Amino acid sequence: MGRRTTIRDILKAALVPAMIAAAGLSAPAANAAPILDQSQTNDDFVHFLDPTTTLGQTFTVGIAGVLERIDVQLRKTFPGQGPAPDYDIEMTLQSLSGGLPSGTVLASATVDGNTLPAAGLAVTPMTMFDISGAGINVSIGDMFAIVLTAQGTGSEPGDWNIFVSSGSGPDLYTGGNKLQYGSSGWFATSNSSDWTFQTFVSEGEVVAASEPASMAVVAVGLAGLLLVRRRKPIH
């Protein structure tokens, strides 16, 4: 004769799937290949970035999902334009206040300035800032700011170039503006000049566990423990 099924066995069989389901409520959607959303690829001009300069670019989301990464076209300067970079480049994603970066950091990523492409290349590749771990849900029409700063402790400031559209013609990216931080705060450097950048979104969203579902699992667990304790024989 097989072993008799006990209440403990039944509770284990019910609680394990329930716990797994609850964990799934807080998990991100299945990983899918990120989709190109915003893109401004005209690069007929450059702007300097150094440890004394903070630059920004606003953009508008066009695809709902999870913001996975932001690519910016960066390079080292020509040797005659400044010393070799010895700083990290930090990118922060910020919310907006009045159309300008609010200072509230939603996500961040850092790259080593020494790893940026050298000047003089026929085509300068984009530098990727991966923020997939931040779980930033975005909706169509949401606006954010990309902010770049140079950070480090090198003895010499290093200069880099951010590729931008020159702004001499029509506005090629109407979803945002190129910005700079000065003594009086943020200001738009041009109404028709923008960084050379791209954003990537994966469809779906990161869903936080709902409190009622979490509490239900906890309640089932406590009830099960009490039942098992009641039926435990006293020696």
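Reference entry: report on the structure contained in this document. Not measured: the values here are computed from a predicted model.

Reading the values: rules and limits
Residues numbered from 1 in each chain as written. Predicted model: local features only at pLDDT ≥ 70, side-chain atom pairs only at ≥ 80, totals over all residues. Heavy atoms only, no water. Helix = DSSP H or I, 4+ residues; strand = E, 2+ residues; numbered from the N terminus. Buried < 20%, exposed > 50% of the residue type's maximum accessible area, 1.4 Å probe, protein only. Contact = heavy atoms within 4.5 Å. Core = buried A, V, L, I, M, F, W, Y, C linked by side-chain atoms within 4.5 Å. Phe/Tyr/Trp six-rings, centres within 6.5 Å; stacked < 30°, edge-to-face > 60°. Lys NZ or Arg CZ within 6 Å of the ring centre and 35° of its normal. Salt bridge = Lys/Arg side-chain N within 4 Å of Asp/Glu carboxyl O.

**Let's talk about the environment of Thr110**
Alright, step 1. Relative to the helices and strands, Thr110 resides in strand 6 (residues 100–112).
Alright, step 2. By relative accessible area, which is 47% here, Thr110 ends up partly exposed.
Alright, step 3. Those residues in contact with Thr110 that sit more than four places away from it in its chain are Asp88, Ile89 and Glu90.

**Observations regarding the nonpolar core**
Alright, step 1. With 31 residues, the main nonpolar core has Ile89 and Leu148 as its most contacted residues.
Alright, step 2. At the level of secondary structure, the elements contributing two or more residues to this core comprise strand 3 (55–60), strand 4 (65–76), strand 5 (88–97), strand 6, strand 8 (136–138), strand 9 (143–151), strand 10 (160–164) and strand 13 (197–202).
Alright, step 3. Apart from the residues lying within four places of it in its own chain, the contact partners of Ile89 are Leu49, Leu74, Ala109, Thr110, Val111, Gly113, Leu116, Phe129, Leu148, Thr149, Ala150 and Trp160.

**Looking at the packing of aromatic side chains**
Alright, step 1. The tally for this structure, following the rule as stated, stands at 4 aromatic pairs.
Alright, step 2. Their ring planes at 55 degrees and their centres at 6.4 Å tell us that Phe59 and Phe197 sit as a pair that is tilted. Linking Phe59 in strand 3 with Phe197 in strand 13, this pair joins segments that are 138 residues apart in sequence.
Alright, step 3. Taking the relative accessible area as the measure of exposure, Phe59 reaches 0% and is therefore buried.
Alright, step 4. Ring geometry for Tyr173 against Phe197: centres 5.3 Å apart, planes inclined by 85 degrees, an arrangement best described as edge-to-face. Linking Tyr173 in the loop between strand 10 and strand 11 (178–182) with Phe197 in strand 13, this pair joins segments that are 24 residues apart in sequence. For the pair Tyr173 and Phe197, one class covers both residues: buried.
Alright, step 5. Each member of the aromatic cluster is reached from another via a ring pair, and the members are Phe59, Phe144, Tyr173 and Phe197.
Alright, step 6. Positioned above the aromatic ring of Phe200 is the side chain of Arg69, whose terminal nitrogen or guanidinium carbon lies 3.8 Å from the ring centre.

**Remarks on the pattern of salt bridges**
Alright, step 1. Counted under the stated rule, the structure contains 1 salt bridge.
Alright, step 2. As a salt-bridge pair, Asp71 and Arg69 come within 3.1 Å of each other at their nearest N and O atoms.
Alright, step 3. Judged by relative accessible area, which is 6%, Asp71 ranks as buried.

**Some thoughts on the side chain of Thr92**
Alright, step 1. Looking at the secondary structure, you find Thr92 in strand 5.
Alright, step 2. Since its relative accessible area comes to 8%, Thr92 is described here as buried.
Alright, step 3. Thr92 has contacts with Val105, Ala107, Ser108, Ala145, Ile146 and Val147, leaving out every residue within four places of it along the chain.

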